[in-house]
Amino acid sequence: VELGRRVHAVLRKHASPGFLIVPTYSCNLRCTYCYEKGLQERGASWLEKRLSEEMTEAALQAMARIDGPHRRQRCMTLYGGEPLQRSNETLIRHLHEKACARGFRQFSAITNAVDLNHYTDILGKDRGFSFLQITIDGPPFVHDGRRFLPDGRGTFDQIVRNIDIAMKQGA
């Protein structure tokens, strides 16, 4: 609940009114403090489910009905487990393409940025994703001890490289 409140506060401060999409609750990291860790260890299969093309279409249709004929809310934020992990690339590109075709112009994501380098062509104000919320848990030795890949490798250097890429792209 507290995480939801914090996310909501950040979005209200930085993003235009819009829609929040959770493409999956799956994540490419195994953070020591993750609230989904217990579910992952118990094999909660729903954590691996991803937004399908049919679900994407249904969500976009629902957004159009909610927004009405004036389409004021042309912003979309991605959240989840990790929305911009490499295994989501096809679905994120499909969602982005379909949303752009329906008039969405601003995209943001709450991401760990580990796989952000696979999305450079859709980063930046003129391409779509112009606001990214990315966290680092301190200096490399602290961060890598808390936020690591399933094989135990740290993520600090990769995230910092991807932040640099995103900033050069205007995100």
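Above this note sits the structure.
Throughout what follows, the structure given in this document is the object of discussion.

Parameters and conventions
Residues numbered from 1 in each chain as written. Predicted model: local features only at pLDDT ≥ 70, side-chain atom pairs only at ≥ 80, totals over all residues. Heavy atoms only, no water. Core = buried A, V, L, I, M, F, W, Y, C linked by side-chain atoms within 4.5 Å. Buried < 20%, exposed > 50% of the residue type's maximum accessible area, 1.4 Å probe, protein only. Helix = DSSP H or I, 4+ residues; strand = E, 2+ residues; numbered from the N terminus. 1 Å grid on protein atoms, 1.4 Å probe; cavity = no way out; pocket = protein on both sides within 12 Å on 5 of 7 lines; lining within 4 Å. Points joined across faces, edges and corners; volume = space filled by probe spheres on them. Salt bridge = Lys/Arg side-chain N within 4 Å of Asp/Glu carboxyl O. Phe/Tyr/Trp six-rings, centres within 6.5 Å; stacked < 30°, edge-to-face > 60°.

### Some thoughts on the nonpolar core
- One finds Met76, Leu78, Leu84 and Phe104 to be the most contacted residues of the largest nonpolar core, which totals 29 residues.
- Counting residues per element, the ones that place at least two in this core are strand E1 (19-21), helix H3 (53-67), strand E2 (75-78), helix H4 (89-101), strand E3 (106-110), strand E4 (129-133) and helix H6 (156-169).
- If you tally residues by element for this core, the top one is H4, at four residues.

### Some thoughts on the layout of surface pockets
- In this structure, the largest pocket encloses a volume near 670 Å³.
- Contributing to the lining of the largest pocket are 25 residues, with Leu3, Tyr33, Ile110, Thr135 and Arg147 lying nearest its centre.
- Element by element, the count of residues in the lining of the largest pocket is highest for helix H1 (residues 2-14), at four residues.

### So, the pattern of salt bridges
- The final tally for this structure, using the stated rule, is six salt bridges.
- The partner of Arg93 in a salt bridge is Asp121, and the shortest N-O contact between them spans 2.9 Å. Of the two residues, Arg93 sits in helix H4 while Asp121 sits in the loop between E3 and E4, which places them 28 residues apart along the sequence.
- A salt bridge links Arg153 to Asp151, with the nearest nitrogen and oxygen atoms 2.7 Å apart. Across the pair, exposure class does not vary: Arg153 and Asp151 are exposed alike.
- One network of salt bridges, in which partners are shared, links Glu89, Arg93 and Asp121.

### Here's the deal with unusual backbone geometry
- Non-glycine residue Ala113 carries a positive phi angle of around 70 degrees.
- Within the element layout of this structure, Ala113 appears in the loop between E3 and E4.
- Since its relative accessible area comes to 0%, Ala113 is described here as buried.

### Some points on the packing of aromatic side chains
- Evaluated as defined, the whole model comprises two aromatic pairs.
- Where Phe19 meets Phe104, the ring centres are 6.2 Å apart and the plane angle is 65 degrees; that geometry is what we call edge-to-face. Of this pair, Phe19 sits in strand E1 while Phe104 sits in the loop between H4 and E3; the two residues are 85 residues apart in sequence, bridging distant segments of the chain.
- Here Phe19 falls in the buried class, since its relative accessible area comes to 13%.
- Consider the rings of Phe107 and Phe129, whose centres lie 5.4 Å apart with planes at 35 degrees: the pair is tilted. Note that Phe107 is positioned in strand E3 and Phe129 in strand E4, a separation of 22 residues in sequence. Of the two residues, Phe107 and Phe129, both sit in the buried class.

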